[in-house]
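Letter by letter, the chains look like this.
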Amino acid sequence: MENLNVNEWSEQVLKDENAIILDVRTSDEYAEGAIPNAINIDVKQPQLFLDKVNELDKTQNFYVYCQSGARSSEACAVLNLMCAITSIYNLNGGFSVWNGDVVTLSNY
């Protein structure tokens with residue numbers, strides 16, 4: 001896992017053709033606003049989290065965020081230890097520092 005600041009994270013995502021953006025917040029938080037193209041899987045629902053992540057292509061590069069960076073850091077550790085995913089990037093500061101485009105469920 002690599003911790004990236006908001007500028008590093010967003011620049012890397014834009015250049016990465018193999019990026020999976022993973023929002024590990026609750027569905028309510030996600031509905032209020034999310035980074036475009038993010039997949040929402042709540043890390044606080046452990047079995048669901050593992051089941052859903054295991055459906056994803058583990059050879060891709062995972063860009064993970066939550067509201068402040070704490071849950072996403074936890075999620076990155078789980079992705080590495082339990083799912084054998086090695087290319088993981090955590091957004092330091094989480095969605096609270098995001099300054100890019102935001103979508104809400106009503107925008108989809």
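**What to know about the packing of helix H3 (residues 46–53) against helix H4 (residues 70–83)**
Then, number 1: Where H3 contacts H4, the axes come no closer than 11 Å and their chain directions differ by 65°. The element H3 and its partner H4 pack so that their crossing is right-handed. Along the contact surface, H3 presents Phe49, Leu50 and Val53, while H4 presents Ala75, Val78, Leu79, Met82 and Cys83.
Then, number 2: Residues belonging to the contact of H3 with H4 are distributed by class as follows: eight nonpolar, no polar and no charged.

**So, the side chain of Asn90**
Then, number 1: In this fold, Asn90 is placed in strand S5 (residues 88–91).
Then, number 2: Overall, Asn90 belongs to the buried group, its relative accessible area being 1%.
Then, number 3: Among the polar contacts listed, one links the side chain of Asn90 to the side chain of Asn3, at a separation of 2.8 Å.

**Section: the pattern of salt bridges**
Opposite charge on two side chains lets them pair, provided their charged atoms get close.
Then, number 1: Inspection of the entire model under this criterion finds three salt bridges.
Then, number 2: Across the salt bridge formed by Arg71 and Glu29, the nearest N and O atoms sit 2.9 Å from each other. Of this pair, Arg71 sits in helix H4 while Glu29 is found in helix H2 (residues 27–32), placing the two residues 42 residues apart along the sequence.
Then, number 3: A salt bridge links Lys44 to Glu74; the shortest N-O distance between them is 3.3 Å. With a gap of 30 residues between them, Lys44 in the loop between strand S3 (39–40) and H3 and Glu74 in helix H4 connect regions that are remote in the sequence.
Then, number 4: Overall, the relative accessible area of 35% leaves Glu74 in the partly exposed class.

Cut-offs applied
Within every chain, residues take consecutive numbers counted from 1 along the sequence as written. Whole-chain, interface and lining totals are the exception, using all residues; otherwise, since this is a predicted model, local features are given only for residues with pLDDT of at least 70 and side-chain atom pairs are given and counted only at 80 or more. Excluded from the side-chain calculation are hydrogens and water; included are all heavy atoms of the structure. For helices, the fitted axis covers only the stretch in contact; all axes are lines through C-alpha atoms, and the angles between them, taken along N-to-C directions, range from 0 to 180 degrees. Strands are runs of DSSP state E lasting at least two residues, helices are runs of H or I lasting at least four, and both sets are numbered from the N terminus onward. By the definition used in this description, the sense in which the near helix is turned from the far one sets the handedness, with an anticlockwise turn below a right angle giving left-handed and a clockwise turn giving right-handed. We call two residues contacting when some pair of their heavy atoms lies within 4.5 Å. Residue polarity is assigned by list, with Asp, Glu, Lys and Arg as charged and Ala, Val, Leu, Ile, Met, Phe, Trp, Tyr, Cys and Pro as nonpolar; anything else, Gly included, falls into the polar class. Burial classes: relative accessible area under 20% of the type maximum marks a residue as buried, over 50% as exposed, and values in between as partly exposed (1.4 Å probe, protein chains only). Here a polar contact is taken to be a pair of N or O atoms separated by no more than 3.5 Å, where protein atoms must pair a possible hydrogen donor with a possible acceptor and residues adjacent in sequence count only if both atoms sit in side chains. Salt bridge, as used here: a side-chain nitrogen of Lys or Arg that lies within 4 Å of a carboxyl oxygen of Asp or Glu.

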